[in-house]
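Structural overview
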Protein chains: 2
Amino acid sequence: MTSKSTMREVAGKAGVSIATVSRVINSPDEVPTETVERVRAAMRYLNYRPNINGRRLKMAQTRSVGVLVPTMANPVFATSVQGIEQAAHEDGLTVLLTSSNYDPQRELGAVSTLLNNRVDGLILTLANADDNPVIDLLKAENIPFVLLFNQPARTDVASISVDNARSAYDMTQAMIAQGHTSLAMVAGRFESSDRSKQRFDGFGQALSDAGLGAARLCQVGFGETELFTPLKSFLTGPDAVTGLVCSTDMLAIAAISACRDHGLSVPGDVSVGGIDGIAVGGLISPKLCSAIQPTQEMGQQALAFLRGLIRGQANPQSLILPHQLSTGESIGPARHSSSPRL
Amino acid sequence: MTSKSTMREVAGKAGVSIATVSRVINSPDEVPTETVERVRAAMRYLNYRPNINGRRLKMAQTRSVGVLVPTMANPVFATSVQGIEQAAHEDGLTVLLTSSNYDPQRELGAVSTLLNNRVDGLILTLANADDNPVIDLLKAENIPFVLLFNQPARTDVASISVDNARSAYDMTQAMIAQGHTSLAMVAGRFESSDRSKQRFDGFGQALSDAGLGAARLCQVGFGETELFTPLKSFLTGPDAVTGLVCSTDMLAIAAISACRDHGLSVPGDVSVGGIDGIAVGGLISPKLCSAIQPTQEMGQQALAFLRGLIRGQANPQSLILPHQLSTGESIGPARHSSSPRL
DNA sequence: ACTGCCAATGTAAACGTTTCAAATGTTCAT
DNA sequence: ATGAACATTTGAAACGTTTACATTGGCAGT
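Chain A has the name HTH lacI-type domain-containing protein in an unreviewed UniProt entry, where Thalassospira profundimaris is given as its organism.

Now the structure itself:
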């Protein structure tokens, strides 16, 4: 009774054919109760467990979806995966998880593995959604997929995201409204994240609309939490800023920490805003001011959307969800500029 | 060229038999270079993609592992999954991800699904590792598995964890060393997490060893971040504590937030310590003092361990990794007890 | 020229399902 | 009795692999 018994054995035990056993499994209503019971009893007795791989080989669908995220180490993605997993569970779908570590090279490999697994569809967060061999591959193979967090310019792919430029724009404007005129953005590398670039664009637009000159940028590697050195020239000296707009909440939290290490208070000396809306942002002090996106719901929606695509009931389409500026404590009035730090 | 071409078509195109194609895929060295090239060319031409399900049906192994965690929303688990995924990727293994939401009911269902998928092995974080039908099932089916974070009393299962009681003990002792005599533990529900219980035991032991009376407990639901009300009676009034030992870092961060909302400073009025060592703890202010476990590495090790079990090269065994008390700022000297709060 | 060997390849039988078409009853009106 | 209509059930052929075993042909040794 260790494990593997087959439909054939169950059929033998129950005195029916494997076709009947199959029907008991897949459409018990078409089989007389008495037979169903007999077969079920045999299954229990033999400890039968259907071999999904047998079924998958035979059927067109595998009832599995592939998920690719940059990393689980960032709560944004972890939370979205939580949403995906939850929705998948409710649908009886199996989730195959991969991560790219923000490396476009690995994206292609990971997706290829997923395709070999014959997943019914994919949910992806890519480094760059507009010019990406992964998308070409998926298009060519004609397999349903939904981009999550990516906000592609092309309109022939499904995506669920917030308006990245706009969320950065709003956050920047909130700072400007507090009197900040000397701002910089802290952002992840553009080649690793198109969101990063889009958010920087929004930042620049807000500055330009307010007549505030060129956008300054502090670009850092992903996964980086040590921002003391990268931010040094932005926080000290004659060009010191009074506000930092960060392209992600993780960066914002790291930036606040770096400010502290430079002996600056937030928001007293420097205001810091993030984008993403990770849960921990609401618990720390100062409470992080962020452009919040409904991360977990986005994951759930992505799966629902994907299901539609798989069933052929939906067309690729971009869903831009509203973001919401949180009332955080990490942003305050600009420190008067006549008392520069050194 | 949409997608699905089979080995048979490749064989036809290359003018060989499917056996040869299979050999080219699995052991190219046993096939003359010239033939390998011809077959590979046919594969490229036909856009061939091996159907893993065909292979899985035939072979004993599926080269996939199942992962079950309580939730992705807690960075501890997300980070461990990151470690697992990374190691799995290096091994060419596919990861099937499920989460239980801390619900023992769902644990069984999730594992059952994983088993239907014929995973080669499992990595699990269970609510309760000592008396759990999931473990009985896995034992009965004789399928390799490694518990992660769980620290079972039984010695016949493989596990990777820290010494939970000890880490709570050490944290508590660190507070006592700072003069704290009135402490309470904030912990997740024991029925949802045996770690929680073990850590509470360590907490109690430390108090008892220091002759400090009964252990007080504030038990909260998992995922809970609103601790203002639950902690009210611990933070105010005649029985107010000067220190909170929290069973997880997430709880500790939430507890610090709750203290703030009660108008108490950390560590000025109340010291707060956590257990887990999530990354964000090191970035917040005050820097969270925690009993740190190498979360991501534990995930990687769990996979390496599991691989050994699958190959039959290793025996189930408990790995207790050392934890490390971080030098956090969230713990300070006890506020003098002659000025009680109300 | 025969034998024996070896390298290269092919044949065919699984693996555990699903599902179509066909077979076997059963019931009932004629 | 006969056969139509129907409810149950079955046989058998896939699905795309892997692999034990058989076949082929070339070549060296005698």
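**A closer look at the environment of Val-162 of chain B**
All names here are of chain B. With respect to the helices, strands and loops of the structure, Val-162 is situated in strand E5 (residues 158-162). Spatially, the C-alpha atom of Val-162 lies 51 Å from that of Leu-46, the residues being 116 residues apart in sequence. Residues in contact with Val-162, not counting those within four places in the same chain, are Gln-151, Gln-293, Met-298, Ile-320, Leu-321, Pro-322 and His-323.

**Considering the sheet that holds strand E2 (residues 94-99) of chain A**
As summarised here, the arrangement of the twelve strands in space is E11(A)-E5(A)-E4(A)-E3(A)-E1(A)-E2(A)-E2(B)-E1(B)-E3(B)-E4(B)-E5(B)-E11(B), forming an open sheet in which the pairing is mixed. With one partner strand each, in any of the chains shown, strand E11 (318-321) of chain A together with strand E11 (318-321) of chain B form the two edges of the open sheet. Along the sheet, successive strands turn relative to each other by an average axial angle of 20°, direction set aside. Here E5 of chain B pairs with E11 of chain B via four bridges, running parallel. In the strand pairing of E11 of chain B, Ile-160 of chain B is matched with Leu-319 of chain B. Helix-sheet contacts for helix H6 (residues 104-116) of chain B involve E2 of chain A together with strand E1 (64-69), strand E2 (94-99) and strand E3 (121-124) of chain B, and the interaxial angle to E1 of chain B is about 170°.

**Things to note about the packing of helix H1 (residues 7-14) of chain B against helix H2 (residues 18-26) of chain B**
Residue and element names in this part refer to chain B. Interhelical geometry of H1 versus H2 gives an angle of 100° and a closest axis separation of 8 Å. Here H1 lies roughly perpendicular to H2, going by the angle between them. Every residue of H2 that contacts H1 at Met-7, Arg-8, Val-10 and Ala-11 is listed here: Ile-18, Val-21 and Ser-22. Of the residues contributing to the contact of H1 with H2, the split by class is five nonpolar, one polar and one charged.

**Some details on the interface of chain A and chain B**
Many analyses report the size of an interface as the accessible area lost when the parts associate. Contact with chain A, which involves 48 residues of that partner, is made by 48 residues of chain B. Between chain A and chain B lies a buried interface of about 4700 Å² when both sides are counted; carbon and sulfur atoms form 50% of it. Of all residues in chain A, Arg-49, Asn-53 and Leu-283 of chain A bury the most surface against chain B, accounting for 16% of the area lost on that side. Put simply, Arg-49 of chain A and Glu-141 of chain B hold a salt bridge, and the shortest N to O gap is 3.1 Å. For the pair chain A and chain B, the number of links is 26 residue pairs in polar contact (both at pLDDT 80 or more). Elements supplying a minimum of two residues to the side of chain A that touches chain B: helix H4 (52-58), helix H5 (75-91), E2, helix H6 (104-116), helix H7 (133-141) and helix H11 (249-261) of chain A. By residue class, the composition of the side of chain A that touches chain B is 19 nonpolar, 22 polar and seven charged. Summarising the sheet, E2 of chain A and E2 of chain B pair through three bridges and their orientation is antiparallel. Within E2 of chain B, the residue paired with Val-95 of chain A across the bridge is Leu-97 of chain B.

Thresholds applied
Every chain is numbered on its own, with residues counted from 1 as its sequence reads. Chain A is the first chain written and ligand 1 is the first ligand written, with later ones labelled in order. pLDDT decides what is reported in this predicted model: residues at 70 or higher carry local features, side-chain atom pairs at 80 or more are listed and counted, and totals for whole chains, interfaces and linings draw on all residues regardless. Values shown for side chains rest on all heavy atoms present in the structure; no hydrogens or waters enter the calculation. The way it works is that DSSP assigns letters per residue, a run of H or I at least four long becomes a helix, a run of E at least two long becomes a strand, and they are numbered from the N terminus. What makes two residues a contact is simply this: any of their non-hydrogen atoms within 4.5 Å. At least two bridges found by DSSP between two strands are what make those strands a pair. Note on method: axes are straight lines fitted to C-alpha atoms, helices fitted across the in-contact stretch only, with angles between N-to-C directions ranging 0 to 180 degrees. We call two directions roughly parallel when the angle between them is under 35 degrees, roughly antiparallel when it is over 145, roughly perpendicular when it lies between 65 and 115, and oblique otherwise. In this count, Pro and Cys sit with the nonpolar residues alongside Ala, Val, Leu, Ile, Met, Phe, Trp and Tyr, while Asp, Glu, Lys and Arg are called charged and the others, Gly among them, polar. Throughout, buried area stands for the accessible area (probe radius 1.4 Å) lost by two parts on being put together, summed over both. Any carboxyl oxygen of Asp or Glu within 4 Å of a side-chain nitrogen of Lys or Arg constitutes a salt bridge here. Pairing of N or O atoms within 3.5 Å defines a polar contact, subject to two protein rules: one partner must be a possible hydrogen donor and the other a possible acceptor, and residues neighboring in sequence count only if both atoms are side-chain atoms.

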